[in-house]
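In case you want the letters, here they are:
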There are 2 protein chains.
Amino acid sequence: MPLLVMKFGGTSVADLARIKNAAQKVKREVERGYDVIVIVSAMSGKTNELVGWVEQTSPLFDAREYDAVVSSGENVTAGLMALTLQEMEVPARSWQGWQVPIRTTSQHSAARFLEIPRENLDAKFAEGFKVAVVAGFQGVSPEGRITTLGRGGSDTTAVAFAAAFAAERCDIYTDVDGVYTTDPRIASKARKLEKIAYEEMLELASLGAKVLQTRSVELAMRYKVKLRVLSSFEDTDETSGTLVCDEEDIMESKVVSGVAYSRDEAKMTLVTVEDRPGVAAAIFGPLAEAGVNVDMIVQNISEKDYGSHPGSVTDMTFSCPINQVARARKALEDAKAEGTIVYDDLVVDTEVAKVSVVGIGMRSHAGVAATMFKALAADGVNIKVIATSEIKISVLIDRKYMELAVQALHDAFALETAN
Amino acid sequence: MPLLVMKFGGTSVADLARIKNAAQKVKREVERGYDVIVIVSAMSGKTNELVGWVEQTSPLFDAREYDAVVSSGENVTAGLMALTLQEMEVPARSWQGWQVPIRTTSQHSAARFLEIPRENLDAKFAEGFKVAVVAGFQGVSPEGRITTLGRGGSDTTAVAFAAAFAAERCDIYTDVDGVYTTDPRIASKARKLEKIAYEEMLELASLGAKVLQTRSVELAMRYKVKLRVLSSFEDTDETSGTLVCDEEDIMESKVVSGVAYSRDEAKMTLVTVEDRPGVAAAIFGPLAEAGVNVDMIVQNISEKDYGSHPGSVTDMTFSCPINQVARARKALEDAKAEGTIVYDDLVVDTEVAKVSVVGIGMRSHAGVAATMFKALAADGVNIKVIATSEIKISVLIDRKYMELAVQALHDAFALETAN
């Protein structure tokens, strides 16, 4: 029996009417002859509510308890989706992570898949169940505790199931009808892409385009999972949405494919750090241990010589998700107290955003950075930090300029047209 | 190490401030030298929200999915409570039913305990954890699916853990400061009882007093668990609340101890049932299979002889929880369609309530029924169904008279005074 994976995000299952709408899409695929694994997110807003409670209770929370709490939203949707399908005469049942079981590492709140054994689901498909509704975002650790994959993890769950069950396709149903050159809510000229390369999608996802979670795209690329992003709220067929695929399948030749942004950034600067070999490791080791996802790193070498620092000193700046500032601060202050790092001050700026341009064409085209900086300068946007990779350029700017910057860059690279 | 079980109901963990308040009570017991098993309910209103979603999705729901959905509320509270205790430097972790594992039967939504193995929790206590926070109301079936114990099941979970771990006491923290002669919200003269016999509590609980779940009291009686009901919202000590204990420990000698009521009743009447040996079994067998909790049953033998029914006929009336009417109706209509029951009509009255007087003293005192009926008649309350047991008398009446009836009976038996 051919098998499809269909994933519905939070807004697609936000209430009972939407769950029903999603279930109708599942039923149609069953009627076409597919067995279906449905991956569901929590109802829109639920995970935020749960995360809020955890953070209010315990700012430096025990990630095992965080996972136990926040995973509950997906369990609710999975049960409701199974019930909705049953009402439509589609034989379905729900699966929580530990029931599959979805085996992951013990890295709570950022767990990685170890194994998704097929036995239990295959047995139910063999019994005549047409649909397995699986709670996304969660798994179970070797110690038997509930883990989660990090925000947006349901996409990753979907791709992992598509790979494990050799699904014909992995359809990600969401509140947008595909991947756009940028967020249409910010730039009205944004244009839907028919296709996008895994690699570009990866940069867009990790830079905050919010359509697909980074790791889901990595996983899709590694296992060559046909990944499609499409709308839950429209009638869709096999040509709808945006296909995420190999680079060679894409004919468009724009230098820049899209403009991404992220609001949830914070900039942290260690002022007057003693500069010596190993200082970067001394700083970023404790941050990694504390589970801080450091993104951009800039070191300003300055040959200032302060009395308290006999050697040369430097300022070290990095960015991380805004909700990890507390634990980053604690890790750095602990390291300072232990004497493993020496610095004068820790300056935190939580009023920043990251804006990036992405495109495979950048590999063979010079001048992208110049165009980008010129466009930002023309609108008076000051750049605080710059980071580049082979196919993207990112800047950290004041958050209040974020929308302006996205629009300016979309115009500068003429993304509203396909060629 | 002496061990306490402390159970906090929905209103006691309704928000983060209340969870913190509850955690402080736990911490105090830890400081007194106890290991503590904390059983938590869902935050007030959460289970109702989940049940509402399930019922809207599927009126004749698959109970396995119902359980998977509604059990999630307790998991949230368990995690938040563990985090709150950790913030207070009390070593704690949360446990979901399948992690303990709390083994139950497969009777979904009304599962019964099979076994609560001590190994996993004992191992953690041995490691230095002082508190195990266990999600109430839930368990896991032999098939590995999530089960629930029925509404209010967290009380039963608490008593079962108290029995399994030989706890010194099982304290049920709730939104009232003890067990009253009736609901003080209905009768302002209601009086708090210092002690109440297991058997009386059992009748009060099953009759809708809502302070403790029936099965928790049964279980406490069987295992002689010292059960105490007390308020989460007051400063409490070892003499607070109401102790549920053996009959012989009670000196009070009132004939009637309390007046209980239940709003969630429906009355169903099968009109003109063919009356033959086995007809009751033919009716109540399918209802039991459909999971309908039939409560009161009345059969009016009438020697009417209709053309369509050559033998004698009868009307059969029973009551059941109002939310089981849909499945009761389906079971009866299916049985009629299959020809196993013959009846003319099925009349459902969902506008009824049950009011009961309870007291161990009734065993040795005549005239309680007469006093009860006279009091109701004096206030113009018509009685629809009567049922009696050794220590209680229950009547089904129009729901609109319920408060009036409770007050009249409380006065009639002078329950506002202790002697």
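To start, this report covers the structure provided alongside it. (Residues numbered from 1 in each chain as written. Chains lettered and ligands numbered in written order. Predicted model: local features only at pLDDT ≥ 70, side-chain atom pairs only at ≥ 80, totals over all residues. Heavy atoms only, no water.)

## A word on the interface of chain A and chain B
Point 1. Contact with chain A, which involves 36 residues of that partner, is made by 36 residues of chain B.
Point 2. For the pair chain A and chain B, the summed buried area comes to about 3100 Å², and 62% of that belongs to carbon and sulfur atoms.
Point 3. Our count for the chain A to chain B interface comes out at two salt bridges.
Point 4. The closest approach of N and O atoms between Glu49 of chain A and Lys46 of chain B, which form a salt bridge, is 3.6 Å. (Contact = heavy atoms within 4.5 Å. Buried area = accessible area lost by both parts, 1.4 Å probe. Salt bridge = Lys/Arg side-chain N within 4 Å of Asp/Glu carboxyl O.)

## What to know about the relation of the copies chain A and chain B
Point 1. Rotating chain A by 180° about the axis while translating it 0.0 Å along that axis superimposes it on chain B, leaving an RMSD of 0.0 Å. Read as a symmetry element, the transformation amounts to a two-fold axis. By C-alpha distance to the rotation axis, the residue of chain A lying nearest is Ser72 of chain A, at 2.8 Å.
Point 2. Take the interface residues of chain A: 100% of them recur as interface residues in chain B, which is what a same-surface contact looks like. (Least-squares fit on C-alpha atoms with pLDDT ≥ 70 in both.)

## A closer look at the sheet that holds strand β2 (residues 35-40) of chain A
Residues and elements named next belong to chain A.
Point 1. Strand order in the open sheet formed by eight strands is β3-β6-β2-β1-β9-β13-β14-β12, and the pairing between neighbours is mixed. Two strands bound the open sheet, and with one partner strand each, they are β3 (92-95) and β12 (195-197). Each adjacent strand pair in this sheet contributes to an overall mean axis angle of 20°, direction not counted.
Point 2. Judged from the five bridges that link them, strand β9 (residues 169-174) and strand β13 (residues 227-231) form a sheet pairing that is parallel. Within β13, the position partnered with Tyr173 by the bridge is Leu230. (Pairing = 2+ DSSP bridges. Helix = DSSP H or I, 4+ residues; strand = E, 2+ residues; numbered from the N terminus. Axes fitted to C-alpha atoms, helices over the stretch in contact; angles between N-to-C directions.)

## Considerations on empty space enclosed by the protein
Point 1. Under the counting rule described, the total for this entry stands at five cavities of 30 Å³ or more.
Point 2. Together, 16 residues line the largest cavity, and Lys46 and Val76 of chain A together with Lys46, Leu50 and Ser72 of chain B are the ones closest to its centre.
Point 3. Counting only elements with at least two residues in the lining of the largest cavity, the list comes to α2 (46-57) and α4 (72-87) of chain A together with α2 (46-57) and α4 (72-87) of chain B.
Point 4. Class assignment of the residues belonging to the lining of the largest cavity gives a composition of seven nonpolar, five polar and four charged. (1 Å grid on protein atoms, 1.4 Å probe; cavity = no way out; pocket = protein on both sides within 12 Å on 5 of 7 lines; lining within 4 Å. Points joined across faces, edges and corners; volume = space filled by probe spheres on them. Nonpolar A, V, L, I, M, F, W, Y, C, P; charged D, E, K, R; others polar.)

## What to know about the nonpolar core
Point 1. If you look at the biggest cluster of nonpolar residues, it comprises 41 residues, and the most contacted ones within it are Val5, Ile37, Leu121 and Phe161 of chain A.
Point 2. Setting aside residues no more than four positions away along its own chain, Ile37 of chain A makes contact with Leu3, Leu4, Val5, Met6, Leu121, Phe125, Ala132, Val134, Phe161 and Phe165 of chain A.
Point 3. Counting residues in hydrophobic clusters, the runner-up holds 40 residues, among them Ala132, Val134, Ile196 and Val211 of chain B. (Core = buried A, V, L, I, M, F, W, Y, C linked by side-chain atoms within 4.5 Å. Buried < 20%, exposed > 50% of the residue type's maximum accessible area, 1.4 Å probe, protein only.)

## Details of helix α10 (residues 325-338) of chain B
Residues and elements named next belong to chain B.
Point 1. Along its 14 residues, α10 runs 20 Å from first to last C-alpha, staying within 8% of the 20 Å computed at 1.5 Å per residue.
Point 2. Those residues of α10 not exposed but buried are Val325, Ala328, Ala331, Leu332 and Ala335. One side of α10 carries all its buried residues, which in axial view fall inside an arc of 130°. Among the exposed residues of α10, those pointing more than 90 degrees away from its buried face are Ala337 and Glu338.
Point 3. Buried-residue contacts for α10 involve β15 (258-274), α9 (279-289), β17 (313-321) and β18 (345-358).
Point 4. One or two residues past the end of α10 sits Gly339, with phi positive at roughly 85°. (Expected span 1.5 Å × (residues − 1). Arc of directions from axis to C-beta.)

## Concerning the side chain of Asp67 of chain A
All names here are of chain A.
Point 1. Within the fold, Asp67 resides in helix α3 (residues 63-70).
Point 2. Here Asp67 occupies a buried position and makes no salt bridge, while the nearest side chain of opposite charge, Arg64, is found at 8.6 Å.
Point 3. Aside from chain neighbours lying at most four places away, what touches Asp67 is His108, Ser109, Ile146, Thr147 and Thr148. (Lys, Arg positive; Asp, Glu negative; His and termini not counted.)

## Topic: the sheet that holds strand β9 (residues 169-174) of chain B
Residue and element names in this part refer to chain B.
Point 1. Taking strand neighbours across the sheet as the criterion, the eight strands line up as β3-β6-β2-β1-β9-β13-β14-β12 in an open arrangement whose pairing is mixed. Each edge of the open sheet carries a strand with a single partner, namely β3 (92-95) and β12 (195-197). Direction aside, the axes of adjacent strands within the sheet are offset by 20° on average.
Point 2. Summarising the sheet, strand β13 (residues 227-231) and strand β14 (residues 242-245) pair through three bridges and their orientation is antiparallel. Residue pairing in the sheet places Leu227 in a bridge with Val244 of β14.

## A closer look at the pairing of strand β1 (residues 3-8) of chain A
All names here are of chain A.
Point 1. Across the six residues that make up β1, a large majority, six, are buried.
Point 2. Residues of β1 alternate between two faces, with Leu3, Val5 and Lys7 on one and Leu4, Met6 and Phe8 on the opposite face, all of them buried.
Point 3. Two elements, β1 and β2, share six bridges in a ladder whose sense is parallel. Bridging across to β2, Met6 finds its partner in Val38.
Point 4. In this fold, the crossover linking β1 to β2 by way of helix α1 (residues 16-31) has right-handed handedness. (Right-handed = clockwise from strand over helix to strand, strands pointing away.)

## Here's the deal with the pattern of salt bridges
Point 1. Scanning all chains against the criterion turns up 51 salt bridges over all chains.
Point 2. Overlapping salt bridges bring together Lys46 and Glu49 of chain A together with Lys46 and Glu49 of chain B as one network.

## Remarks on the environment of Val381 of chain A
Residue and element names in this part refer to chain A.
Point 1. Mapped onto the fold, Val381 is located in the loop between α11 (368-378) and β19 (383-389).
Point 2. Residues Val381 and Asp398 lie 17 residues apart in sequence; the distance between their C-alpha atoms is 7.9 Å.
Point 3. The contacts of Val381, once residues within four sequence positions are left out, are Leu376, Ile397, Tyr401 and Leu404.

## Quick word on the pairing of β13 of chain A
Point 1. With respect to burial, β13 of chain A is a largely interior element, five of its five residues being buried.
Point 2. Burial of the side chains of β13 of chain A extends over both faces: Leu227, Val229 and Ser231 of chain A are buried on one face and Arg228 and Leu230 of chain A on the other.

## Notes on the packing of helix α1 (residues 16-31) of chain B against α4 of chain B
All names here are of chain B.
Point 1. One can describe the packing of α1 onto α4 by two numbers: an axis separation of 9 Å at closest approach and a directional angle of 60°. The orientation of α1 relative to α4 falls into the category oblique. The interaxial crossing formed by α1 with α4 has right-handed handedness. In this structure, α1 uses Leu16, Ile19, Lys20, Ala22, Ala23 and Val26 to contact α4, whose residues at the interface are Thr77, Leu80, Met81, Thr84 and Leu85. (Parallel < 35°, antiparallel > 145°, perpendicular 65-115°, else oblique. Left-handed = near helix turned anticlockwise from the far one by under 90°.)

## Remarks on the side chain of Ser240 of chain A
Residues and elements named next belong to chain A.
Point 1. Along the polypeptide, Ser240 turns up in the loop between β13 and β14 (242-245).
Point 2. Of the polar contacts made by the side chain of Ser240, one reaches the backbone nitrogen of Asp237; its length is 2.8 Å.
Point 3. Not counting chain neighbours up to four residues away, the residues in contact with Ser240 comprise Arg228, Leu230 and Asp235. (Polar contact = N/O pair within 3.5 Å; in protein donor to acceptor, adjacent residues only side chain to side chain.)

## Details of the packing of helix α6 (residues 153-164) of chain B against helix α8 (residues 214-223) of chain B
Relative orientation and spacing of two packed helices are given, respectively, by the angle between their axes and the distance between those axes.
Residues and elements named next belong to chain B.
Point 1. The interhelical angle for the contact between α6 and α8, taken along N-to-C directions, is 15°, at an axis separation of 8 Å. Taken together, the axis directions place α6 and α8 in an arrangement best described as roughly parallel. Of the two possible hands of crossing, α6 and α8 adopt the one that is left-handed. Across the interface between the two elements, Asp155, Thr156, Val159, Ala160 and Ala163 of α6 pack against Arg215, Ser216, Leu219, Ala220 and Tyr223 of α8.
Point 2. Taken together, the residues that form the contact of α6 with α8 break down as six nonpolar, two polar and two charged.

## Side note on the environment of Asp235 of chain B
Residues and elements named next belong to chain B.
Point 1. Of note, Asp235 is situated in the loop between β13 and β14.
Point 2. Residue classification places Asp235 among the exposed residues on the basis of a relative accessible area of 74%.
Point 3. Along the backbone, Asp235 and Lys25 are 210 residues apart, and their C-alpha atoms lie at a distance of 8.9 Å.
Point 4. In this structure, Asp235 is in contact with Lys25 and Ser240, ignoring residues within four places of it in sequence.

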